[in-house]
Amino acid sequence: MIRLKDVCKSYNRGRGEVHALDKVSFEIGQGERVSLLGRSGSGKTTLLNLLAGLDRASSGELEVNQQDLVSCSSVELDRYRQQTVGVVFQQFRLVKHQTAFQNVALPLMFAGLSRAKRRERVLECLKLVGLDDRAGHRPTEMSGGEQQRVAVARAISSRPKLLLADEPTGNLDSRNAEQIMDLLITVQAEVETTLLLITHDENLAGQYTKRILRLSDGRLQQDTGLTLASEQSDLDS
Ligand SMILES: Nc1ncnc2c1ncn2[C@@H]1O[C@H](COP(=O)(O)OP(=O)(O)OP(=O)(O)O)[C@@H](O)[C@H]1O
Ligand SMILES: [Mg+2]
């Protein structure tokens, strides 16, 4: 599903260059659930941005769902973002003046679905996150935990093959954090997607995923290895 080989990403900063990612290589199988751990500044968000098609690698090979994200055209990258990947951010990033329904519908604007199908899909996703009765509410009328639920619904509305979550519980208290994690696991199974959870919380990673990738100063320091389906279901039961 995901294949990286010697991926580097550097940023120009003043006179110097920052190597945010340095020759990172790993593979993630379809349907796997993996944590990406690392301290602040280790390159986690940089890697997420590459996998989300929001930025491009400086060098190396990066493929998701057999699509080459290094040398593809910007039109292909746009389509990849719309069709293949869904992202949940720490700060929710919902459109404030739009309702929950409209926020979840946003990624479907490009999916070529009929109005009726879009509506059906949005309500189905809101139901999955337990907010079908809040479709007409704006983010400002919801708690942090509820806003993140809407963000999860939005991330899965286009049925992405890859679901990325960047510190999805970073702005939530422990009760809401646990609910959002349980929800991510449930929706992963429901929409049959691959899930990469980015966190600096060792406990969270250990509790919810078998496989851990660890970044340190832009380098992959540890990879506990491909998860077998049987191991993953051990954790879920
Ligand atoms: N747009 C940018 N321009 C210049 N440097 C950047 C840019 N984005 C990130 N960096 C640098 O790249 C390195 C990795 O940053 P990144 O945001 O990926 O870290 P992170 O692991 O997500 O950290 P955190 O846990 O704090 O979110 C840092 O040294 C950061 O300062
Ligand atoms: Mg980050």
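Our subject is the structure that appears above.
Everything in this summary refers to the structure shown in the same document. (Residues numbered from 1 in each chain as written. Chains lettered and ligands numbered in written order. Predicted model: local features only at pLDDT ≥ 70, side-chain atom pairs only at ≥ 80, totals over all residues.)

1. A word on the sheet that holds strand β8 (residues 194-199)
Okay, step 1: Ordered in space as β6-β7-β8-β3-β9-β10, the six strands form an open sheet in which the pairing is mixed. Two strands lie at the open edges of the sheet, namely β6 (85-89) and β10 (219-223), each paired on one side alone. This sheet shows a mean twist of 20° between the axes of neighbouring strands, independent of strand direction.
Okay, step 2: Bridge analysis of strand β3 (residues 33-37) against β8 gives five bridges, and the strand direction is parallel. Each bridged residue has a counterpart across the sheet, and for Arg 33 the counterpart in β8 is Leu 195.
Okay, step 3: Lying on the sheet, helix α5 (residues 144-156) is in contact with β6 and β7 (162-166); it crosses β6 at an angle near 165°. (Pairing = 2+ DSSP bridges. Helix = DSSP H or I, 4+ residues; strand = E, 2+ residues; numbered from the N terminus. Axes fitted to C-alpha atoms, helices over the stretch in contact; angles between N-to-C directions. Contact = placed C-beta atoms within 7 Å.)

2. Let's talk about the site of ligand 1
Okay, step 1: Near ligand 1 there are 13 residues, and of these Tyr 11, Ala 20, Ser 40, Thr 45 and Thr 46 occur at the shortest range.
Okay, step 2: At the level of elements, β1 (2-13), β2 (16-28) and α1 (44-51) are the ones that each hand at least two residues to the shell around ligand 1.
Okay, step 3: The biggest single contributor to the shell around ligand 1 is α1, with three residues.
Okay, step 4: Along the lines of polarity and charge, the residues of the shell around ligand 1 split into three nonpolar, eight polar and two charged. (Near = placed C-beta within 6 Å. Nonpolar A, V, L, I, M, F, W, Y, C, P; charged D, E, K, R; others polar.)

Structural measurements only, silent on function.
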